[in-house]
Amino acid sequence: MQTLRRFLRSLWLQKPLTTDFVGYEVLLDFIKARALHRLEGDLIEIGCFMGGGTVKLARYASKYGKRVFAIDVFDPTADVTATPDGTRMCDIYLAFLEGRSQLEVYEQAVRGLDNVVTIKQDSKTVSFPAEQKFIFGFIDGNHQPDYVRNDFNIIWPNLVASGVLGFHDYNTELPEVTDCIDALIAEHTDEISETKEIKPQHIILMVKGQGVGKV
Ligand SMILES: C[S@@+](CC[C@H](N)C(=O)[O-])C[C@H]1O[C@@H](n2cnc3c(N)ncnc32)[C@H](O)[C@@H]1O
């Protein structure tokens, strides 16, 4: 509970209620610095919660005629992963929602953005056809390691060369997430040209190498 209170307090101080947890500005900075808009494909986010980050990605994507696929189960009780002191992810989400419907808050946030494709499903039931290309993906859904691996496998095969895939919660209070990401990086090391950790936001980004991306 102490972690939950500390976590909530830090977010309340930093941001208004309907924004994102992560601070998607750092993702957009990286996307822009690498000029990912020049690549062919769309953006994808797994775990959008109240849609604040989805909105930021969608505004960027719309400038280049790209879509944002936003996947979320929209059940704030679904993720029971706990930090070592026992704070469960679902408790954090429910505290933020203060009794509101997650889906209603999200729908209000993305209203009017016609390039958002919302997929209201458990990510284990989601897959994309081979022809769907992604230039950028961000994984911040269920924090159980089997979901982290599942979510990677949804995006990575369809990521184009020089495309970027990011994870939230790297090197923070969910050690199994970090271990799973490290294992994925080791397993795919030949396909990754660069990794970049953004420590303040607990993000790790991996850039797909030339010659191994979706063509
Ligand atoms: C940490 S929140 C995402 C926060 C968001 N990235 C942001 O910065 O605002 C994690 C999200 O994953 C969703 N989630 C949990 N289990 C899921 C599952 N099995 N499939 C899809 N989404 C899931 C939750 O509903 C929640 O909205």
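Right, let's walk through the structure included here. (Residues numbered from 1 in each chain as written. Predicted model: local features only at pLDDT ≥ 70, side-chain atom pairs only at ≥ 80, totals over all residues. Heavy atoms only, no water.)

### Some points on the site of the ligand
Surrounding the ligand, one finds 17 residues, the nearest of these being Phe21, Tyr24, Asp72, Ser123 and Asp140. Take Tyr24: an N or O atom from its side chain is 2.9 Å from a nitrogen atom of the ligand. If the ligand stood free it would expose 600 Å²; the protein chains cover 98% of that surface. A class-by-class count of the residues in the shell around the ligand yields seven nonpolar, six polar and four charged. (Near = heavy atom within 4 Å. Polar contact = N/O pair within 3.5 Å; in protein donor to acceptor, adjacent residues only side chain to side chain. Areas by Shrake-Rupley, 256 points an atom, 1.4 Å probe, with all protein chains shown as cover. Nonpolar A, V, L, I, M, F, W, Y, C, P; charged D, E, K, R; others polar.)

### Section: the environment of Gly166
Relative to the assigned elements, Gly166 resides in strand S5 (residues 159-168). Distance from Gly166 to Val148, taken between C-alpha atoms, is 11 Å for residues 18 residues apart in sequence. With near-sequence residues (within four places) excluded, Gly166 lies in contact with Gly137, Phe138, Ile139, Ile204 and Leu205. (Helix = DSSP H or I, 4+ residues; strand = E, 2+ residues; numbered from the N terminus. Contact = heavy atoms within 4.5 Å.)

### Observations regarding the side chain of Asn158
Here Asn158 shows up in the loop between helix H6 (145-155) and S5. Taking the relative accessible area as the measure of exposure, Asn158 reaches 7% and is therefore buried. When sequence neighbours within four positions are dropped, the list of residues in contact with Asn158 reads Phe128, Pro129, Ala130, Gln132, Lys133, Phe134 and Lys214. (Buried < 20%, exposed > 50% of the residue type's maximum accessible area, 1.4 Å probe, protein only.)

### Notes on the sheet that holds strand S7 (residues 203-208)
Ordered in space as S3-S2-S1-S4-S5-S7-S6, the seven strands form an open sheet in which the pairing is mixed. Either end of the sheet is taken by a strand with one partner, and the two such strands are strand S3 (116-119) and strand S6 (192-198). Strand after strand, the sheet turns through a mean of 15 degrees between neighbouring axes, direction not considered. In the sheet, S6 pairs with S7 via six bridges, with the strands oriented antiparallel. (Pairing = 2+ DSSP bridges. Axes fitted to C-alpha atoms, helices over the stretch in contact; angles between N-to-C directions.)

### Section: unusual backbone geometry
For Phe49, which is not glycine, the phi dihedral falls at a positive 50 degrees. Take Phe49: it is sitting in the loop between strand S1 (42-46) and helix H3 (52-62). Classification of Phe49 as buried rests on a relative accessible area of 12%. Backbone geometry at Asp169 places phi at a positive 70 degrees, although glycine is not the residue there. Looking at the element boundaries, Asp169 is found in the loop between S5 and helix H7 (175-187).

### Brief notes about the packing of aromatic side chains
Applying the stated criterion across every chain yields a total of 12 aromatic pairs. The interplanar angle of 55 degrees and the centroid separation of 4.8 Å between the aromatic rings of Phe74 and Tyr106 together place this pair among those described as tilted. Taken together, the residues span a long stretch of sequence, with Phe74 in the loop between strand S2 (68-71) and helix H4 (89-97) and Tyr106 in helix H5 (residues 102-110) at a distance of 32 residues. The buried category is assigned to Tyr106, whose relative accessible area is 1%. Ring geometry for Phe152 and Phe167: centres 6.3 Å apart, planes at 10 degrees, overall stacked. Of this pair, Phe152 sits in helix H6 while Phe167 sits in strand S5, and the two are 15 residues apart along the sequence. Neither residue differs from the other here; Phe152 and Phe167 are each classed as buried. Here a set of aromatic residues connected by ring pairs shows up, and it is made of Phe21, Phe49, Tyr93 and Phe96. For the cation-ring pair, Lys124 lies above Tyr147, with the distance from its terminal atom to the ring centre recorded as 4.4 Å. Note that Lys208 overlies the ring of Trp156, its terminal NZ or CZ placed 4.8 Å from the centroid. (Phe/Tyr/Trp six-rings, centres within 6.5 Å; stacked < 30°, edge-to-face > 60°. Lys NZ or Arg CZ within 6 Å of the ring centre and 35° of its normal.)

### Observations concerning the pairing of S7
Where burial is concerned, most of S7 is hidden: six out of the six residues are buried. A two-sided burial pattern is seen for S7, the buried positions comprising Ile203, Leu205 and Val207 on one face and Ile204, Met206 and Lys208 on the other. As defined by bridge partners, S5 adjoins S7 across five bridges and the pair is classed as antiparallel. Counted as the bridge partner of Phe167 is Ile204 from S7.

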